[in-house]
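Here is what each chain is made of, one letter per residue.
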Amino acid sequence: MPRNPSIRDRLESEAWNHFPETARRIADRGQRHRQRRALCWEDRILLIVSALLMVALILRVETVHAEEDAFWGIEFSMGEQSLQSVALDTEISAEITGLVARIDVTQRFHNTGSDWAEAVYRFPLPEGAAVDRLRVEAGGRILVGEIREREEAQQEYAKALAEGKVASLVEQQRANQFQTKLANIAAGETIRVSISFLARVEFRDGVFALQIPMTFTPRWMPREGGTGRPHHLVNAEMSNGHFLEMDILLRPGMELSQLESRYHDIDIQPEPDGFRLFLADPDTRSDRVFELNWSPDYGATPESTLMSWDGGDAQYALLLLVPPLAEAIEPQAREVVFVIDTSGSMEGASIEQARLALAQGLTNLGPDDRFNLVEFNSDTRALFDESLPAMPWQLEKAVDFISGLDANGGTNMAPALQLAMALPEQTGLLRQVVFITDGSVGNERELLVQIGEQLGDSRLFTVSIGSAPNDWFMRKAAEVGRGSHTRVGQLDEVAERMAALWTRIENPAVQDICVDWGMDAEFYPEVVPDLYAGEPLWLYARLPREPRDVTVCGELEGRYWETRARLLPGTGGESIATLWARSKVEALEDGRMFGADADLVREQVVDLALAFGLLTRYTSLIAVDRTPVRAASEQIETRDVPNLLPAGSEFVAGFTQTATGWKTQLALSLVSLLVVLAMLLHTPPSDSRARPKTPARAEPAPSTGR
Amino acid sequence: MLGTAILCLAAAAHAAWIPVKAELAQWLIERSWSEVLAGRPAPPPWPWADTRPAAVLEAPALGVRQFVLEGASGRNLAFGPVFGNGTADGRDLIISGHRDTHFRFLESLAKGDRLSIRRESGVGEFEVVDAAVVDSRQVGMLVDPDIDRVRLVTCWPFDSPSTGGPMRYVITALPRGGATRSGG
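Source: prediction; values computed, not measured. (Residues numbered from 1 in each chain as written. Chains lettered and ligands numbered in written order. Predicted model: local features only at pLDDT ≥ 70, side-chain atom pairs only at ≥ 80, totals over all residues.)

1. Examining the overall build of chain A
Just so we agree on the cut-off: Helix and strand definitions follow DSSP, with helices as H or I runs of at least four residues and strands as E runs of at least two, each counted in order from the N terminus. Residue pairs are scored as contacts if the distance between their C-beta atoms, which are placed from the backbone, is within 7 Å.
Secondary structure assignment for chain A yields 14 helices and 34 strands. Considering only residue pairs separated by 6 or more positions, chain A has 79% of its internal contacts joining residues 24 or more positions apart.

2. Here's the deal with the overall build of chain B
For clarity, the cut-off: Exposed residues have 12 or fewer other C-beta atoms within 10 Å of their own C-beta, buried residues have 20 or more, and residues in between are partly exposed; the C-beta atoms are placed from the backbone.
When you go through chain B residue by residue, the secondary structure sums to two helices and eight strands. Each helix and strand of chain B, placed in order from N terminus to C terminus, yields the pattern α-β-β-α-β-β-β-β-β-β. Looking at chain B as a whole, 41% of its 184 residues qualify as buried. Pairs at least 24 apart in sequence give 50% of the contacts found in chain B among residues at least 6 apart.

3. Quick look at the nonpolar core
All names here are of chain A. Let me state the cut-off plainly: Definition of nonpolar core: a set of buried Ala, Val, Leu, Ile, Met, Phe, Trp, Tyr and Cys residues joined via C-beta atoms within 7 Å.
Counting residues in each nonpolar core, the largest one holds 95 residues, and the members touching the most others are Ala 167, Phe 197, Leu 319, Tyr 540, Ile 576 and Leu 614. Look past the residues within four positions of Leu 319 in its chain and what remains in contact with it is Leu 306, Leu 539, Ala 541, Val 550 and Ala 565. Counting 48 residues, the second-largest nonpolar core is a separate cluster that includes Val 336, Phe 371, Val 494 and Ile 505.

4. Here we look at the sheet that holds strand β27 (residues 511-516) of chain A
All names here are of chain A. Note the threshold: A pair of strands is considered paired only if DSSP assigns at least 2 bridges between the two. Helix axes are fitted only over the stretch in contact, all axes being lines through C-alpha atoms; the angle between N-to-C directions runs from 0 to 180 degrees.
Strands sit in the order β27-β30-β31-β18-β19-β29-β28 across an open sheet of seven strands; the sheet is mixed. Each edge of the open sheet carries a strand with a single partner, namely β27 and β28 (522-524). Across this sheet, the average inter-strand angle for adjacent strands is 20°, counted without regard to direction. Bridging between β27 and strand β30 (residues 549-556) involves four bridges; their strand directions are antiparallel. What sits directly across from Asp 516, in β30, is Thr 551.

5. So, helix α9 (residues 471-480) of chain A
Residue and element names in this part refer to chain A. With ten of ten residues buried, α9 is to be regarded as a mostly interior element. In this structure, the buried side of α9 is in contact with α8 (444-454), β25 (459-465) and β26 (485-488). Positive backbone phi, at 55°, marks Arg 482, one or two positions downstream of α9.

6. Details of helix α4 (residues 150-163) of chain A
For an α-helix, 3.6 residues make a turn, and residues three or four places apart therefore share a direction. Counted only if it meets this: A helix's residues, less one, multiplied by 1.5 Å, set its expected span.
When the terminal C-alpha atoms of α4(A) are compared, their 20 Å separation across 14 residues agrees well with the 20 Å that a helix rising 1.5 Å per residue should span. Of the residues trailing α4(A), A:Gly164 is marked for its positive phi of about 80°.

7. Here's the deal with the sheet that holds strand β14 (residues 256-261) of chain A
Residues and elements named next belong to chain A. The strand order β10-β11-β17-β14 describes an open sheet built from four strands, whose pairing is antiparallel. Every other strand in the sheet has two partners, leaving β10 (202-204) and β14 as the edge strands with one partner each. Each adjacent strand pair in this sheet contributes to an overall mean axis angle of 20°, direction not counted. Strand direction decides the pairing type here: β14 and strand β17 (residues 290-296), joined by five bridges, are antiparallel. Pairing of Ser 261 across the sheet is with Leu 292, part of β17.

8. With respect to the packing of α8(A) against α9(A)
When two helices pack together, their arrangement is captured by the angle between the axes and the distance separating the axes. Residue and element names in this part refer to chain A. Keep this limit in mind: Orientation is classified from the angle alone, with under 35 degrees giving roughly parallel, over 145 giving roughly antiparallel, 65 to 115 giving roughly perpendicular, and any other angle giving oblique. Crossings are classed by handedness, with left-handed meaning an anticlockwise turn of the near helix from the far one by less than a right angle and right-handed meaning a clockwise turn. When residues are grouped by polarity, Ala, Val, Leu, Ile, Met, Phe, Trp, Tyr, Cys and Pro land in nonpolar, Asp, Glu, Lys and Arg in charged, and all others, Gly among them, in polar.
With their axes 9 Å apart at the nearest point, α8 and α9 run at an angle of 20° to one another. The angle between the axes of α8 and α9 places the two elements in the roughly parallel class. Note on packing geometry: the crossing formed by α8 with α9 is right-handed. Two secondary-structure elements touch here, α8 through Glu 444, Leu 447, Leu 448, Ile 451 and Gly 452 and α9 through Phe 473, Lys 476, Ala 477 and Val 480. Residues that form the contact of α8 with α9 fall into these classes: six nonpolar, one polar and two charged.

9. Regarding the pairing of strand β5 (residues 141-144) of chain A
All names here are of chain A. Here four bridges tie strand β4 (residues 130-138) to β5, and the two strands are oriented antiparallel to one another. Its bridge partner being in β5, Ala 138 is matched across the sheet by Arg 141. In this structure, the hairpin formed by β4 and β5 is closed by a connection of two residues, where Gly 139 is found at a positive phi of approximately 50°.

10. Structural notes on the packing of helix α13 (residues 662-682) of chain A against helix α1 (residues 2-37) of chain B
Where α13(A) contacts α1(B), the two axes come as close as 8 Å, and the packing angle between them is 160°. As the angle between them shows, α13(A) and α1(B) are arranged roughly antiparallel. Between α13(A) and α1(B) lies a crossing of left-handed hand. Across the interface between the two elements, A:Trp662, A:Gln665, A:Leu666, A:Ser669, A:Leu670, A:Ser672, A:Leu673, A:Val676 and A:Leu677 from α13(A) touch B:Thr4, B:Ala5, B:Cys8, B:Leu9, B:Ala11, B:Ala12, B:Ala15, B:Ala16, B:Ile18 and B:Pro19 from α1(B).

11. Comments concerning the environment of A:Leu537
Residues and elements named next belong to chain A. By the secondary structure assignment, Leu 537 is in strand β29 (residues 537-543). Exposure remark for Leu 537: the 21 C-beta atoms within 10 Å place this residue in the buried category. Filtering out sequence-adjacent residues up to four positions away, Leu 537 remains in contact with Leu 321, Val 528, Pro 529 and Leu 531.

12. Overview of the confidence of the model for chain B
Residue and element names in this part refer to chain B. Condition: Each residue gets a pLDDT score, which is the predictor's confidence in that residue and runs from 0 to 100.
Per-residue confidence for chain B averages 78 on the pLDDT scale, and 79% of its residues sit at or above 70. Summarising per-element confidence for chain B, the mean pLDDT is lowest in helix α2 (residues 74-77) (71) and highest in strand β5 (residues 114-119) (91). Counting interchain partners and residues more than four positions distant, the pLDDT-below-50 stretch residues 179-184 has 13 contacts. Predicted as a complex, the structure gets a pTM of 0.58 and an ipTM equal to 0.71.

If you want it as structure tokens, here you go:
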């Protein structure tokens, strides 16, 4: 990571260029007879040279120091040639209807090499996406994918690869990470792979949102285990592929007051029942999350809503549960523990956002509140031994603490969480832990189990930072921690999002929620989480017959609370059934995390996935062509297609600065010393006699032009 | 003038201190490592250290024996080579060191030379298979969690008077008897 090498190099080379000349002059001095006047001139040169040397020296010491403090990351990036050989563009088309989005992601793999290629690409999908379709276009043929058990699909793919057939395999690697493999791409050929999935539209603080992640934060894996990490990241500027196209059809089903794309410029075209959206910039790269926000027209406050779809053997229903309005509720004093991640992956824009988010959080504290700050990277450090009242002088200490935070080192999350949740109890105050991180960890499951075990009466609020945080983990952590999850993608939205988080922290939530469907229902999530201000809940149910209305009860500030949702007839679609299956898969997998029998879970998930055509950890999508395109005698190469680095991240090259430059510094110092000593020895004892002898000559007045 | 001379002397002393510090640190770390060998968690080598030894790197042919530190920071690099991703865990290891202190010896490593890496989990024997000069502005290092490999990285050229250059010297070593690959 060279820092201003040009300036330093220039200064240095100047110093070195001057050195031989200076040394020669010093040596010649005693032998030559010169006029005093000339000597004075020479002294001046010497002085300039030595000053120059000093500057170079000081700069050098400073630079070495700066480099020692600078962050440097490792891993990631591409193999040397892979980038030129398999370029990749992404097209996204989406249809958003009410609360559900059907999204098609089409990736164009182009083999610019001269050999047959196998491409491997890992990519993220939105939280809770239900992947159910695969389509491959190659050489004028179209292959449609089928769901198979994972091992079976892998065998089929390996066979097709060996036989020279075009084939594509899509697998789930982690909760929100997928991998596409593509066999037998001919030299110069372009293959299009479309993956289609359902995602639910988020609805928080009166704003609807759809997020489509585009790249990954490199993850930190504190311990051995796990495979398939996304380590193939390149800087957007270095890549010649990774262009992005989008075509989104939005049918919001209501009048809108506002519609915006958060991180991309978009063109909006009105349609009869909604809007059509395109990216405005044709050069857009897939290096940041795409997020679309829309708000209902003023006055149209959404209410709890029930939709259903007749699946033949059963009815499938979606219940949107809207929290009570916050105005009627009296805020209470609390204890807030802020935990901030200062590990290496937070370097760059992320740590700035985190600092600002923290500062924003502090301003919300009232004098009756107590607070504490915990910083962690490889080590954990708390500001106070126990939480203290949010008095001005304590807040000042906190501000000092925050401004001293630097991103460096590993992400050792467990001790920080433990420390935050095990701080001495503050009588009568609810402990709320605000956890600010990009979630770049590999041991997610262990951490979630830890949170479940150590939570006690605390609540955990997670704030994801950065352009590609690990949202799955952050959302799960908040779920297990009985709090809520907030996402901050950019510096300028910190204030707004932290304010929204604060309404959840400040206002009591509806707890112990029960749902009466009016009949036997299998619904997910089975344990309904707390209902926070500004944050509706989604419940998916499978029912024997069509529901009419649903009654929801709970406890709000120790009092009974009830609300009712009526069915909106004819609003649901088949997607509700798929999303129900998807949430059941998630519930089953969560069960495994907390100790359910792994084989049994697997069996249940596979049955469900095959019935509903879902891609899961245990089932994959595979498409194989019937006729071979590559003769068995020709060789095939495997290439990893790199992901782009998240925008604003500083993991550029992955090499550290590995020279101290002590020899140069030593040489420079000694040379400077030599020059200075030479001048000390040479300077005449006194100039008083010498000067008057110099012929006094009237110098012309300096021209004002110079 | 005298002040300037003192400044120069101070700078010279600071420069001379760098290699001395590099040596001294390794000696202090030795004590910390002996705790690891005794089966105890390694204490910080000196009270204010923000690192601990995580492995011993040996190149028997050159008589090199160095402690590799945890925590990939410039500060730690002053005391010894460090693990590139900050930890000694995993199978695809990257170790970085300064070219003019600890990793000077990379220049003398040749194909076929043996390296051994002793971690808490055991000793790995490796053989140098490749030495390459790369431009860190153009390429990065692919980390493959499924293969056993060690890469030693330092700045290049070895005798450049300036620091901060983009070129790196990368030694790749694979387990003796060939690389093993597992998983997908």
